[in-house]
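# Working through the structure, step by step
Listed here are the chains, written in short residue letters.
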Amino acid sequence: MAGAEGFAGGSRRGLLQAAIVVVCFLCRANVVVAQTDTCGSDLSSFLPAPYSDYSNHICQPVWYNFILRYSQSPENVLTVILSAVYTVGWVGMGFSKDGRMVGSSAMVGWIGRDGKAHIRQYLLNGTTPSEVLVDKGRLNVTTVAPTVVLHGATIYLAFQLKFPAPLDKQPLIFAFGTTPPKHHRLTHHEDKEAINFDFSGGKSAGSLYPHQLKRSHGVLAVFGWGVMMPIGAIVARYYKDMDPLWYYLHTVIQLVGFILGLAAVVAGVALYDQLHANVSAHRALGIFILTLTILQVIAFFLRPDKDSKARRYWNWYHHWVGRLALFLAAVNIVVGIRVGGAGDGWKVSYGFVLAVIIITVIVMESLSWVRASKKKAIENANMQMNTI
């Protein structure tokens, strides 16, 4: 009984501790929610001068939890206070000529691992971290020092820029990364958005970047050329003992993959027409892969009979052109993820898919080799028996 009472007491204490943890978590969550920024929040208690005087600022939510406060003086000085929910990493606001990241200049702020606040200007010369240059941007920062303040769960970037004329409609880029810059080297963004912002009226004219079209292009390419076609090839190579089922499965799966791949190309052409991005290698590979798959479809209708002498050469052509198309498709998907600036989720997801396909092929090829070896051994044994 004493043991039972001890056990019951321990259980009650465990439940009490769990309840305390839950209450503390909920209290912390409420504090975080209460400390997130809104256009009605009072910033004067923690922002330094002159940013603490924002009574004449226009406030506008711009993207996710990003809020933009700004004012323009008669001297064409733009004062900006950008806020966003923050845990770790960096937050940035870029000024672009055409809505594209490349060629724009950005103000980026973060809290370092040592707890110190940082804000620097960057020139986005390219899509790789080495092409993002610190303190090389073309924004004319005034003598008023930019500042970064972390207040509760919100980070605030405040800076002043001098322009030759009042800003009207201006393409802006907002982005964030989950890894703080090291030695001021900006890490790859986790997500971004480009909008056309009207500084004269304080309104956003909507997104300048076709995110949905870009996402559709990537999904169609991955599922068409990166998933369906490899599965169709696996069926054709390792399940021929299930004749004629393997042939029908192979044909249907490859047809679906081809349609998805073709749709990916159509989406890619539409995306290029909107962005005119410099993705020559990705486009060239995509066109070449599409050509190879079209040749495979044509070869299906020109398939010789099994007894035909040309069947041997047709098989050689079909197998190796198909393998080349699958290999180049995998390469181009990786290139597309890179040039498209996709997040780590895309890299991990396709890496997992590719690993599963490669492991499956290795296992199936090993089993096929073992079966072929056993079959050959049995045939040799039967031949020896027949010669005796």
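Residues numbered from 1 in each chain as written. Predicted model: local features only at pLDDT ≥ 70, side-chain atom pairs only at ≥ 80, totals over all residues. Heavy atoms only, no water.

Rules: UniProt positions are given in the numbering used here, feature names are shortened, and annotations may be inferred rather than shown by experiment.
Per an unreviewed UniProt entry, the recorded name for the protein chain is Cytochrome b561 and DOMON domain-containing protein, and the organism is Aristolochia fimbriata. Its UniProt record gives the protein chain a comment under Subcellular location (unreviewed entry), which states: "Membrane".

### Topic: the overall build of the protein chain
Here is the rule we go by: Here a strand is any run of E in DSSP of at least two residues, a helix any run of H or I of at least four, and the numbering for each starts at the N terminus. Note on classification: 1.4 Å probe, protein chains only; a residue is buried when its accessible area is under 20% of the maximum for its type, exposed when over 50%, partly exposed between these limits. Only heavy atoms enter the contact rule, under which two residues are in contact if any of them lie within 4.5 Å. Computed by Shrake-Rupley with a 1.4 Å probe, the accessible areas treat only the displayed protein chains as cover when residues are assessed.
Looking only at helices and strands, the protein chain has 6 helices and 12 strands in total. The buried share of the protein chain, taken over its 388 residues, is 39%. Partitioning the intrachain contacts of the protein chain with sequence separation of at least 6 by distance along the chain shows that 61% fall at a separation of at least 24. As displayed, the protein chain offers around 22,600 Å² of accessible surface, 65% of which is attributable to carbon and sulfur atoms.

### What to know about the sheet that holds strand β2 (residues 66-72)
Stated formally: Should DSSP find at least two bridges between two strands, the strands are taken to pair. All axes are obtained by fitting lines to C-alpha atoms, using only the stretch in contact for helices, and the reported angles, taken between N-to-C directions, cover 0 to 180 degrees.
Spatially, 5 strands are ordered β1-β2-β3-β9-β8 in an open sheet, and the strand pairing comes out antiparallel. Among the strands making up the open sheet, the edge pair consists of β1 (58-63) and β8 (147-151). Along the sheet, successive strands turn relative to each other by an average axial angle of 20°, direction set aside. Here 5 bridges tie β8 to strand β9 (residues 154-162), and the two strands are oriented antiparallel to one another. What sits directly across from Val 149, in β9, is Tyr 156.

### Re unusual backbone geometry
Put simply, Ala 49 and Pro 50 share a cis peptide bond, and its omega is 5°. Of note, Pro 50 is situated in the loop between α1 (2-35) and β1. A cis amide bond, omega 5°, links Asp 243 with the succeeding residue Pro 244. Tracing the chain through its elements places Pro 244 in the loop between α2 (211-238) and α3 (245-275).

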